[in-house]
Amino acid sequence: MNLNSKIPREFYKLFASKYMDYYQRFLVAIYEESGRSYSLLGLTERECCMVMNEQIAAETVAWSEEQFDEEGELLTRSNMASICLKHLEDWGWLKRDYDEALDSYVVSFPEYSQLFVELFRRLYSEDDTRERESVLAVYSYLYTYSSDKEKNNEILKSALAASRSLLQMLSNMQEGMRGYFDELSRQRSFLGIQEVLVKEMNNNESKKYAILTTTDSFYRYKEAVKELIDQNLSENEGRDEAIDIICQIEREFDAIERRYNKLIAQKTLFAGRAAARIRYILMEGAVEEDPAAALVKLLNKSKNSQEILEKLSDRMHLTEPFRVITGQSLSRRRNIEKAEFTPQAVIPSAKQEELNEFVLKPLYTRQEIMEFYRENEKDGIFTVTGDTVHSMEDLEKLFFVWQDAVEIAEDSRQITIGQDLEGQDGIRFSKLTIRK
């Protein structure tokens, strides 16, 4: 019985759900946490809910609106994890077993579900090296087999699988390149060509192509793989199964070499077409013209251009009258003789005594501030009442008194600030007491 026959009928409900992305991320998070778990039995349902709640906290869900799932259940921030876990168990994505040692239900992944979750993890992963789709992987398997004393055919089967994966990856690269050819041919402006080139350089296929041509270096390992194939063929005379697998690897690798060379040619052709498209736009101009340029063309052809310009200037509230720009109106380089540089002596701009005008002077003398202090002092205590401040000058003097007291105070109890007071002319200040 194959794995496909074991999948329950409700398994594909996940893909029809409006919360499909959440389900996929939940499964990946639980799958990865199961691998990191110290428990050999798997994650409990409680632990699964904790993992899912971490994912929910990282996502943006509009909880201000009522959220109902496809089964009609109301989802909230507190119950979403438990409801989604139940759906994943009912649909067959997760398997639920009771463990007597833990006295709780333990969650595991059926074999068919693991295949899908591995795919989800690759789809959501931003760093997918695809080590299996590598010429270095083919070389490694063949080298390991040649060094293996037991000549395990499973190593050759892994080399064959890696060869087929690499061939499929190159085929996907070719298909993707054809799509970019179509996009490039539809562009009519520099901006459009730039967008296509940036997308082509940043897509996953181009990143894998860069790995294949630099780190993986197809040309570096190509001849080495062929030598290992010939060596393993000569060493396995009489071993029919091994010979058959090695011959399949050889055929796959010949196809890989042809695909790789074709892809190199396609990359070169794509760059050439992009350059040709840019040259065409330089010569013929962009089809998607600037609206301002199109307006100028229409005005040149219209008999009522003067009237249109007058109405346009009234609408736009121009500060200066419009002028028709012609070839003679463009800015030109002026031929002005430059005067020779002659250094001049520095002449003082102001006399020394005039600079004293810019020196800041205090508003009040020290004597005036002390007189204000003594006027409001009694028995060695400076007290501010509602009659202390009669003008803005008094308020400023009060500020200076308070500032001096703060600088020399040794104990916070020497200065006491009380309730707000209001003097003449609506001047507001705080009651202040200073003890020496």
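Each value, and the rule that gives it
- Residues numbered from 1 in each chain as written.
- Predicted model: local features only at pLDDT ≥ 70, side-chain atom pairs only at ≥ 80, totals over all residues.
- Heavy atoms only, no water.
- Patch = residues over 30% accessible without salt bridge, like charges linked within 9 Å, V, L, I, M, F, W, Y side chains within 5 Å.
- Areas by Shrake-Rupley, 256 points an atom, 1.4 Å probe, with all protein chains shown as cover.
- Salt bridge = Lys/Arg side-chain N within 4 Å of Asp/Glu carboxyl O.
- Helix = DSSP H or I, 4+ residues; strand = E, 2+ residues; numbered from the N terminus.
- Buried < 20%, exposed > 50% of the residue type's maximum accessible area, 1.4 Å probe, protein only.
- Pairing = 2+ DSSP bridges.
- Contact = heavy atoms within 4.5 Å.
- Axes fitted to C-alpha atoms, helices over the stretch in contact; angles between N-to-C directions.
- Disulfide = S-S within 2.5 Å.
- Core = buried A, V, L, I, M, F, W, Y, C linked by side-chain atoms within 4.5 Å.
- Lys, Arg positive; Asp, Glu negative; His and termini not counted.
- Phe/Tyr/Trp six-rings, centres within 6.5 Å; stacked < 30°, edge-to-face > 60°.
- Lys NZ or Arg CZ within 6 Å of the ring centre and 35° of its normal.
- Expected span 1.5 Å × (residues − 1).
- Arc of directions from axis to C-beta.

**Points about a nonpolar patch on the surface**
A cluster of nonpolar side chains, Phe399, Trp402, Val406 and Ile417, forms an exposed patch at the surface whose accessible area comes to about 380 Å². The element best represented in the nonpolar patch is helix H15 (residues 392-408), accounting for 3 residues. Looking at the element boundaries, Val406 is found in helix H15. For Val406, a relative accessible area of 41% corresponds to the partly exposed category.

**Some thoughts on the pairing of strand E9 (residues 428-435)**
Pairing analysis gives 3 bridges linking strand E7 (residues 381-383) to E9, with the strands arranged antiparallel. Across the sheet, Phe382 pairs through a bridge with Ile434, a residue of E9. Sheet analysis places strand E8 (residues 415-422) next to E9, joined by 6 bridges and oriented antiparallel. When the sheet's bridge partners are listed, Ile415 is paired in E9 with Ile434.

**Side note on the sheet that holds E8**
Sheet strands pair via backbone hydrogen bonds, and the direction of the pair is either parallel or antiparallel. Pairing in this open sheet of 4 strands is antiparallel, and the strands run E6-E7-E9-E8 from one edge to the other. The open sheet has two free edges, formed respectively by strand E6 (377-378) and E8, since each of these has just one partner strand. Of the strands in this sheet, E7, E8 and E9 are in contact with H15, which crosses E9 at around 40°.

**A word on the state of the cysteines**
For the structure shown, the criterion picks out 0 disulfides. Counting only cysteine sulfurs, Cys48 is the nearest neighbor of Cys49, a cysteine outside any disulfide, at a range of 7.0 Å. What makes Cys49 buried here is its relative accessible area of 18%.

**A look at the nonpolar core**
Counting 33 residues, the largest nonpolar core has Leu27, Ile30, Met80, Trp93 and Leu94 as the members making the most contacts within it. Of all the elements, helix H2 (residues 20-36) adds the most residues to this core, at 8 residues. In contact with Trp93, not counting residues within four places along its chain, are Phe11, Leu14, Phe15, Leu27, Leu88, Phe109, Pro110, Ser113, Phe116 and Phe120. In this structure, Leu160, Ala162, Phe218 and Leu263 belong to the second largest nonpolar core, which totals 30 residues.

**Digging into the side chain of Lys397**
Tracing the backbone shows Lys397 in helix H15. Here Lys397 is buried and forms no salt bridge, its nearest opposite-charge partner Asp394 lying at an N-O distance of 4.6 Å. When neighbours within four sequence positions are excluded, Lys397 is seen to be in contact with Tyr364 and Phe372.

**Side note on the packing of aromatic side chains**
In total, this model carries 19 aromatic pairs according to the counting rule given. The interplanar angle of 65° and the centroid separation of 6.2 Å between the aromatic rings of Phe15 and Phe120 together place this pair among those described as edge-to-face. On the criterion of sequence distance, the pair formed by Phe15 in helix H1 (residues 13-16) and Phe120 in helix H5 (residues 111-124) is long-range, its members being 105 residues apart. Taken together, the aromatic side chains of Phe11, Tyr12, Phe15, Trp93, Tyr112, Phe116 and Phe120 make up a single cluster linked through ring pairs. Its end group placed over the ring of Tyr105, Arg96 keeps NZ or CZ at 3.5 Å from the ring centre. Geometry around Tyr145 places Lys151 over its ring, the cationic atom sitting 5.2 Å from the centre.

**Description of the environment of Arg366**
With respect to the helices and strands, the residue Arg366 is situated in helix H14 (residues 366-375). Accessibility expressed as a relative area gives 52% for Arg366, which makes it exposed. Separated by 34 residues in sequence, Arg366 and Phe400 have C-alpha atoms that sit 9.8 Å apart.

**Considering helix H10 (residues 218-235)**
For the α-helix, the turn length of 3.6 residues means that residues three or four positions removed from each other point alike. If you check H10, its first and last C-alpha atoms are 25 Å apart, about what 18 residues at 1.5 Å a residue would give, namely 26 Å. Taken together, the buried positions of H10 are Phe218, Tyr221, Lys222, Val225, Leu228, Ile229 and Asn232. An end-on view of H10 places all buried positions within 140° of arc, on one side of the element. Exposed and oriented more than 90 degrees from the buried face of H10 are Arg220 and Glu227.

**Description of the pattern of salt bridges**
Inspection of the entire model under this criterion finds 13 salt bridges. Here Lys222 and Glu257 are joined by a salt bridge, their closest N and O atoms 3.2 Å apart. Here Lys222, found in helix H10, pairs with Glu257, found in helix H11 (residues 240-284); they are 35 residues apart in sequence, far enough to count as distant. Each of the two residues, Lys222 as well as Glu257, counts as buried. Through salt bridges with shared partners, a single ionic network connects Lys222, Glu223, Lys226 and Glu257.

**As for the environment of Ala275**
Tracing the chain through its elements places Ala275 in helix H11. The exposure class assigned to Ala275 is partly exposed, which follows from its relative accessible area of 30%. On a C-alpha basis, the gap between Ala275 and Ile193 in space is 9.6 Å, while along the polypeptide they are 82 residues apart.

**Digging into the sheet that holds strand E1 (residues 43-44)**
Ordered by their spatial adjacency, 3 strands build an open sheet running E1-E5-E4, and the pairing between neighbours is antiparallel. In this open sheet, the two edge strands, each paired with only one partner strand, are E1 and strand E4 (95-99). Examined bridge by bridge, E4 and strand E5 (residues 104-108) share 5 bridges and lie antiparallel to one another. From the neighbouring strand, Lys95 faces E5, where its bridge partner is Ser108.

**Quick look at the environment of Arg428**
Relative to the elements of secondary structure, Arg428 occurs in strand E9. Residue class for Arg428 comes out exposed when judged on its relative accessible area of 54%. Taking the C-alpha atoms as reference points, Arg428 and Val389, 39 residues apart in sequence, are found 9.1 Å from one another. In this structure Arg428 touches Asp420, Leu421 and Glu422, once residues within four positions along its chain are discounted.

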